[in-house]
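Listed here are the chains, written in short residue letters.
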There are 2 protein chains.
Amino acid sequence: MATKTGKSSEKKSSIFEVAELSGVSIATVSRVLGGKAYVNPELVLRVKKAAAELGYRPNRSASSLRMRVSKTIGVIISDIENPFFTSVIRGIEKILYDAEYSLLFCNSNEDPERERSHLSILRSEDVAGIILTPTNQNSAFCRDLVNSGTQLVAIDRIPEMELMDVVTTNNRKSAFDAASHLVELGYQRIGLIAGPKQPSTSRERFEGFRDAVLTNNLPLDPDLIVYSDFRQAGGYQAMKTLLDLKNPPEAVMISNNLMTLGGLQAIHERNLHIPDQIALVGFDDMPWATSLQPPLTAVAQPAFDMGTTAAELLLDRLTDPTRSYRKVELDTKLMVRTSSGAKSA
Amino acid sequence: MATKTGKSSEKKSSIFEVAELSGVSIATVSRVLGGKAYVNPELVLRVKKAAAELGYRPNRSASSLRMRVSKTIGVIISDIENPFFTSVIRGIEKILYDAEYSLLFCNSNEDPERERSHLSILRSEDVAGIILTPTNQNSAFCRDLVNSGTQLVAIDRIPEMELMDVVTTNNRKSAFDAASHLVELGYQRIGLIAGPKQPSTSRERFEGFRDAVLTNNLPLDPDLIVYSDFRQAGGYQAMKTLLDLKNPPEAVMISNNLMTLGGLQAIHERNLHIPDQIALVGFDDMPWATSLQPPLTAVAQPAFDMGTTAAELLLDRLTDPTRSYRKVELDTKLMVRTSSGAKSA
DNA sequence: CTGAAAGCGCTAACAC
DNA sequence: GTGTTAGCGCTTTCAG
């Protein structure tokens, strides 16, 4: 019998086979495996043995259907290629794995339309909860979700409405500290490459920057503030704009990691020396920050911890869906290195 | 606010409500929505209208249970924080999204134990297929999966056994080209920071390097070959080892992106000039490659395309599970920049 | 062509 | 404490 495709499927066994092999009812098997009801220890043993012998894995679709909720968490990330979010995901994954949840991954690509579509799909998957970086364009939909019993947790950006837990960092303070660092170093003309207007993160970083400048009695020159898109190409263009000014800045704060990469490109293209000719402070401390010459001064955000925290918040809420919404603000840390012109490493 | 619109939903509606509202049986609703049987056009219209009105989304758990396969693909990645895999994932996601599949994400962290666990979970989720970067320690398990009807596709690394499609790049040739580039530039003592022994990728890159050296009648000095772990810290240590040699290399090829970052750190620490004192060629062309000073010469791998290809291969196989296994080898491109000491940019 | 009905594998009443 | 049984929402025979 070697002719055709050997589809001698070692068939997946169901709870029924386990019950049969261990000589109990399927209800008992379910109780043993679910572990939420007392069962005679001897039976427990027999069931577990039978399950192991058959390599039994409960069918999650059946379980989800019956329980009306799955052991799955949806995650909607706005840009999977951004290392910041990548660390967030790893944090989420770690917690969910330990809690035996699966992770349904979606990439919204910052597109509200796509976000809505994903939200909708996740709903039809009966996910237990969703962790997302909200575009804040789908509030109505989110509300529906919450009303129908799906828990949401927002990451990084603050959602418009009070209907989910949220974990962020104190962007305003971080930006204030980063900009102040530049001021203390004696720079007078400090530029900002800001993010898009929509997300709360870029707004807050702008505010922190502005506060630092004004607090120190420096002028807030609109020419020195360029709005961009959180992407590398955008950062490149923005830096060029700044450098092209008849009176260019002595130092620049850049509002995220990808734009920093673009900014660096523009600076190198003109053979400008960092920090002598142009000092830099970035947002997000990435693996490559210390591999740059000179190493980059940057605001380190606890991306991994944001992920774990979000997952924990969600799991927690799953066990107590009625508790009031929480907002957790994690600390950032300014990693002072040489790109800002600081003396100490 | 008395009228129901698709957007205002209190409760999830099931196929039953759609049937009721449109005055047909649930079987007909299923046929209309599934689109695989002829239904009276007029009824089709009524059903679609009702579905839209109710904001109906078929319950995927129920469907999976009944069909014994879900509209879900599992993806097991060895290191989510590596930008290379991150691009792969985006490629996969793009294709799957268009095909209306969901993506169940798993991080194996290069750990065979964890890989097995994920494989097992994915099985109990009834996933239609799995895309993975295999550790090659779970062949028996993979075979079981295939036998029970789950399609697998390997990415990047070549699996031990002939039981799945695979998409890779020609690592041997890429490494050969990269090393040859260094030879042509006139370097005599060329070092290699190699990856771990297990994955086929690092083995092949080593072979390509060796071939290039030997082909050009240069000695293959074992001192100049350091094995590491594909991680940043490992690359840092490896580069230090190389630099500490009484007779250090003039040029180094580094076998992946993260180790390159580590190597750069070690070089900067000693204030060595690139490429004058030490020339560099890396693997994987990352966003930061052009932001470095000098820009990094590197082998660009089509990570995104590898992802789309893998997903397409899988989808294709899902429609024809009996077709023979395919191996797709994508082209890489050596991006010549200044870190290798080349003249042209 | 359309409807009735039988499960897919699992959990949770409800009996005993 | 354990077994029996009724569905969860969906797809797919099988009749008509």
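Chemist: Describe the nonpolar core, and please don't skip the residues or the numbers.
Modeler: Membership of the largest hydrophobic core comes to 102 residues, with the highest contact counts inside it found for A:Ile131, A:Leu280, B:Ile131 and B:Leu280. Not counting residues up to four positions away in its chain, the partners in contact with A:Ile131 are A:Ile73, A:Gly74, A:Val75, A:Ile76, A:Ile92, A:Val153, A:Ile155, A:Ala310, A:Ala311 and A:Leu314. Membership of the second largest hydrophobic core comes to 34 residues, among which are A:Ile76, B:Leu122, B:Ile130 and B:Leu152.

Chemist: Pulling in residues and values, what's your account of the relation of the copies chain A and chain B?
Modeler: Of the transformation placing chain A onto chain B, the axial shift is 0.1 Å and the rotation is 180 degrees, giving an RMSD of 0.2 Å. Both chain copies can therefore be described as sitting about a two-fold axis. When the interface residues of chain A are mapped onto chain B, 96% of them are again interface residues, pointing to one common binding face.

Chemist: Break down the sheet that holds strand β2 (residues 102-107) of chain B for me, with residues and values.
Modeler: Read across the sheet, 12 strands follow the order β11(A)-β5(A)-β4(A)-β3(A)-β1(A)-β2(A)-β2(B)-β1(B)-β3(B)-β4(B)-β5(B)-β11(B) without closing on themselves; strand pairing throughout is mixed. At either margin of the open sheet sits one strand with a lone partner, and together these are β11 (327-330) of chain A together with β11 (327-330) of chain B. Strand-to-strand, the axes of this sheet are offset by a mean angle of 20 degrees, without reference to chain direction.

Chemist: Would you mind going over the interface of chain A and chain B in detail, with residue names and values included?
Modeler: Taken together, the contacts link 52 residues of chain A with 54 residues of chain B. Three residues, A:Lys12, A:Glu81 and A:Tyr97, lead the burial of chain A against chain B; their summed loss comes to 12% of the area buried on that side. At the junction of chain A and chain B, the tally comes to 8 salt bridges. With its nearest N and O atoms 2.2 Å apart, the salt bridge here joins A:Glu81 to B:Arg90. The interface formed by chain A and chain B holds 33 residue pairs in polar contact (both at pLDDT 80 or more) in total. If you list the elements that add at least two residues to the side of chain A that touches chain B, you get α4 (60-67), α5 (83-98), β2 (102-107), α6 (112-124) and α11 (257-269) of chain A. Ranked by the residues each element gives to the side of chain A that touches chain B, the list is headed by α6(A), at 7 residues. By residue class, the composition of the side of chain A that touches chain B is 16 nonpolar, 23 polar and 13 charged. Relative to β2(B), β2(A) is paired through 3 bridges, and the arrangement is antiparallel. By the bridge assignment, A:Phe105 is partnered in β2(B) with B:Leu103.

Chemist: Tell me about the pattern of salt bridges, and name the residues and values.
Modeler: In the structure shown here, the tally under the stated rule is 41 salt bridges over all chains. Where A:Arg189 meets A:Asp221, a salt bridge forms, and the shortest distance between an N and an O atom there is 3.6 Å. Here A:Arg189, found in the loop between α8 (171-184) and β6 (190-194), pairs with A:Asp221, found in the loop between α9 (200-215) and β7 (225-227); they are 32 residues apart in sequence, far enough to count as distant. The salt bridge partner of B:Arg337 is B:Asp285, with a shortest N-O separation of 2.2 Å. With B:Arg337 in the segment after β12 (333-335) and B:Asp285 in the loop between β9 (279-283) and β10 (297-300), the pair connects residues that are 52 residues apart, well separated along the chain. The exposure class of B:Asp285 is partly exposed, given its relative accessible area of 27%. Three or more residues are tied together by salt bridges with common partners; here these are A:Asp165, A:Asp316, A:Arg317, A:Arg323 and A:Arg326.

Chemist: Describe the protein's contact with DNA strand C, naming the residues involved and giving the relevant values.
Modeler: As a structural note, the neighbourhood of DNA strand C is formed by 25 residues, with A:Ile15, A:Tyr56, A:Arg66, B:Tyr38 and B:Arg68 the closest of them. A share of 65% is what sugar and phosphate atoms reach among the atoms of DNA strand C within 4 Å of the protein. For DNA strand C, a phosphate oxygen lies 3.0 Å from a polar atom in the backbone of B:Tyr38. A distance of 3.3 Å separates a base nitrogen of DNA strand C from a polar atom in the side chain of B:Arg66. Elements with a contribution of two residues or more to the surface near DNA strand C: α2 (26-34) and α4 of chain A together with α2 (26-34) and α4 (60-67) of chain B. A breakdown of the residues in the surface near DNA strand C according to their chemical character gives 13 nonpolar, 7 polar and 5 charged.

Chemist: Could you give an account of the protein's contact with DNA strand D, naming the residues involved and the relevant values?
Modeler: Taken together, 26 residues lie near DNA strand D, and A:Thr28, A:Arg68, B:Ile15, B:Tyr56 and B:Arg66 sit nearest. Atoms of DNA strand D within 4 Å of the protein: sugar and phosphate make up 59%, bases the balance. Take B:Ile15: an N or O atom from its main chain is 2.5 Å from a phosphate oxygen of DNA strand D. A distance of 2.9 Å separates a phosphate oxygen of DNA strand D from a polar backbone atom of B:Asn59.

Chemist: So, the domain arrangement of chain A: which residues are in play, and what are the values?
Modeler: Interface size is often expressed as the accessible area that is lost when the parts come together. Domain annotation of chain A identifies domain 1 (15-63), domain 2 (72-168 + 303-330) and domain 3 (171-301 + 334-340). Computed from C-alpha atoms alone, the centre-to-centre distance between domain 1 of chain A and domain 2 of chain A is 33 Å.

Chemist: Which residues make up unusual backbone geometry, and what are the values?
Modeler: If a residue is not glycine, its phi is most likely negative; likewise, a peptide bond is most likely trans. A cis amide bond links A:Gln293 with the next residue in sequence, A:Pro294, at an omega value of 0 degrees. Phi at B:Arg68 is positive, roughly 70 degrees, even though this residue is not glycine. Inspection of the secondary structure assignment puts B:Arg68 in the loop between α4 and β1 (72-77). A positive phi angle, near 60 degrees, is found at B:Asn109, a position not held by glycine.

Chemist: Run through the packing of helix α10 (residues 232-244) of chain A against α11(A), naming residues and quoting values.
Modeler: All names here are of chain A. Running from N to C, α10 and α11 point in directions that differ by 45 degrees, and their axes come no closer than 6 Å. Compared by their axis directions, α10 and α11 come out oblique. As for the relative orientation of α10 and α11, their crossing is right-handed in sense. For the pair α10 and α11, the contacting residues are Gln232, Gly235, Tyr236, Met239, Lys240 and Leu243 in the first and Leu258, Met259, Leu261, Gly262, Gly263, Gln265, Ala266, Ile267 and Glu269 in the second. The residue makeup of the contact of α10 with α11, split by class, is 8 nonpolar, 5 polar and 2 charged.

Parameters at a glance
- Residues numbered from 1 in each chain as written.
- Chains lettered and ligands numbered in written order.
- Predicted model: local features only at pLDDT ≥ 70, side-chain atom pairs only at ≥ 80, totals over all residues.
- Heavy atoms only, no water.
- Core = buried A, V, L, I, M, F, W, Y, C linked by side-chain atoms within 4.5 Å.
- Buried < 20%, exposed > 50% of the residue type's maximum accessible area, 1.4 Å probe, protein only.
- Contact = heavy atoms within 4.5 Å.
- Least-squares fit on C-alpha atoms with pLDDT ≥ 70 in both.
- Pairing = 2+ DSSP bridges.
- Helix = DSSP H or I, 4+ residues; strand = E, 2+ residues; numbered from the N terminus.
- Axes fitted to C-alpha atoms, helices over the stretch in contact; angles between N-to-C directions.
- Buried area = accessible area lost by both parts, 1.4 Å probe.
- Salt bridge = Lys/Arg side-chain N within 4 Å of Asp/Glu carboxyl O.
- Polar contact = N/O pair within 3.5 Å; in protein donor to acceptor, adjacent residues only side chain to side chain.
- Nonpolar A, V, L, I, M, F, W, Y, C, P; charged D, E, K, R; others polar.
- Near = heavy atom within 4 Å.
- Domains from an automatic or database assignment.
- Parallel < 35°, antiparallel > 145°, perpendicular 65-115°, else oblique.
- Left-handed = near helix turned anticlockwise from the far one by under 90°.

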